[in-house]
Each structure stands twice: as C-alpha cells, then as structure tokens.
Amino acid sequence: TWDIDFANLKFKMEILSAPTNAASPADLIANLRRMGLPINNDKELHKPEPEFIMNTLLFLCEKVEPERVGELMANSKSSSQMVSETCEAGIAFVARFRYLQKFLRKIGIMDFGMCELIFPDPKRTRFILAETIAFVRFREQEFSVFKSQLEENRECEQKARKARGEYEKLKEEYDRLKVRKSEELSDFNERKTLLANLERELEEKQEKIEHTICLLYTSDAADDLLCVDLGGRRLSKKT
C-alpha cells in the first residue's frame, strides 16, 4: 500500500505557499462531481452541515486510504452495537473526527478542530475541501510516478540480488583458489628445500670423490713418458 507521507513534503510546500482564499463553490462542485460525488447545487457549500462536511471528507480520504476508511466505518458499526442508541452517533462521530484530524495533518492542515464540524464557517469549509481535493489529485498523479519507480526499484533489487549471488560465488572460488595456491606454494617450498639439500649433498660427495682419486704411474711410466698411458700401461710402438 502507498503511504500518503510519500508525497507530503512537496504538497506541504505547495499548501503553505498557496493563497488562503477558498475555492469558489462552482469549482468545488465541478471537482467533486468529477471525482464521483453527486452534488446537485451549492447550497451545502454556502451553509455546510456537519454531516455533509464529514461525509465529503471521508469520501475524499477513501480515495487515498480505502482500507483505512472501510475499517473505520466497520469499527464504528461494531462498536455501536455494544452501547445504547443514544451514544451510537456520538462514538462514530468522534472516531471519524479523530481520523480526519490525523489525515488533514498529514497533508498540511494542522489546525483542523471539532469546531470545523460543529460550527462550520463556509469559507473555511471550502478551503479545507479545496486543499483536500488538491491533495487527492496530486496523490493520484504522484502515485503513477511512484508505481513506475517502485517497479524500477524492484528490478534493481532483483539485479542487485543476482549480482550479490554471483559475487558470493566468485568470492568462494577466489578463497578456494587462494587456499589451493597457499598449499601449492608450501609444497613448492618444501620441494625446493629438498632439492637444495640434495644438490648440497651431491656437491659434498663430488668433493670427496675428487679427493680420493689419484693417478697410478708405474716405473715404466717414470722411465718412458711417451710409451705409457695414464694408467701406466705400456703402449706398443708401430714400426
């Protein structure tokens, strides 16, 4: 459901800057008829009765908060069954007045009181009706914009949820690869250390081998260097 506070700020700026002159009865009648309230003449606007003011305001409020107004009417009927007929009208009147007072405060009319219904002033009544009609029409215009924005927001939320899901998947994959890389790096360092140890051990063994190897020369080798090989074996001469 659409909250009327959504459009309050802009509407309150308009209502506070608007002239306080009441709308003409002809304009009010035309607007109310367009909104579906049958009014035959402007008599009620020149000499408004409490019942006319309350019913007209509730009719306008129902355009904005149909469920709330319906609940109010149902509660008034159910509560009136528990009391005498003398109190029935008074309880319903007070309940509806309190609702109208809260509603009109939301749209910027902060000084709506019981005297507006008990001792109505025609000019003041026309002003309240005109401002309420203006808000209802303003709300209808803003509501269409609100619905389109709501659809856009829902689409953005869906995209955001999808993006968050993909991000979580990528993050899990990244964490998994990070752990795998850490394990592989640890294994690589171990192998590198092992290889370095083997190389060092190999170098040490080669050094030992070099120190233990010596060339054997026989006496023949000492006598005739040109006729023996490095192992001391005599080489045959070809003639």
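Everything quoted here is computed from the prediction, not taken from an experiment.

**Topic: the confidence of the model for the protein**
Okay, step 1: Looking at the protein, the pLDDT average stands at 77 and 73% of residues meet or exceed 70.
Okay, step 2: Contacts for the low-pLDDT stretch residues 79-83, under 50 throughout, to residues beyond four places or in other chains number four contacts.

**Things to note about empty space enclosed by the protein**
Okay, step 1: For the structure on display, the rule yields one cavity of 30 Å³ or more.
Okay, step 2: A volume near 40 Å³ is recorded for the largest cavity.
Okay, step 3: Ile-53, Leu-57, Phe-112, Glu-116, Thr-125, Ile-128 and Leu-129 are the residues that line the largest cavity.
Okay, step 4: Of all elements in the fold, only α4 (50-64) and α8 (122-212) reach the threshold of two or more residues within the lining of the largest cavity.
Okay, step 5: Examining the composition of the lining of the largest cavity, we find that three residues originate from one element, α8, more than from any other.
Okay, step 6: When the residues that make up the lining of the largest cavity are grouped by side-chain class, the tally is five nonpolar, one polar and one charged.

**Focus on the environment of Ala-134**
Okay, step 1: Considering the arrangement of structural elements, one finds Ala-134 in helix α8.
Okay, step 2: We classify Ala-134 as partly exposed; its relative accessible area is 33%.
Okay, step 3: Separated by 103 residues in the primary sequence, Ala-134 and Asn-31 have C-alpha atoms spaced 9.5 Å apart.

**Digging into the layout of surface pockets**
Okay, step 1: In this structure, the second largest pocket encloses a volume near 180 Å³.
Okay, step 2: Taken together, 10 residues form the lining of the second largest pocket, with Asn-31, Ala-130, Ile-133, Ala-134 and Arg-137 sitting closest to its centre.
Okay, step 3: Counting only elements with at least two residues in the lining of the second largest pocket, the list comes to α2 (25-34) and α8.
Okay, step 4: Among the elements that line the lining of the second largest pocket, the one with the most residues is α8, at six residues.
Okay, step 5: Partitioned by chemical class, the residues of the lining of the second largest pocket number five nonpolar, two polar and three charged.

Thresholds, definitions, all that
Residues numbered from 1 in each chain as written. Predicted model: local features only at pLDDT ≥ 70, side-chain atom pairs only at ≥ 80, totals over all residues. Heavy atoms only, no water. pLDDT = per-residue confidence, 0-100. Contact = heavy atoms within 4.5 Å. 1 Å grid on protein atoms, 1.4 Å probe; cavity = no way out; pocket = protein on both sides within 12 Å on 5 of 7 lines; lining within 4 Å. Points joined across faces, edges and corners; volume = space filled by probe spheres on them. Helix = DSSP H or I, 4+ residues; strand = E, 2+ residues; numbered from the N terminus. Nonpolar A, V, L, I, M, F, W, Y, C, P; charged D, E, K, R; others polar. Buried < 20%, exposed > 50% of the residue type's maximum accessible area, 1.4 Å probe, protein only.

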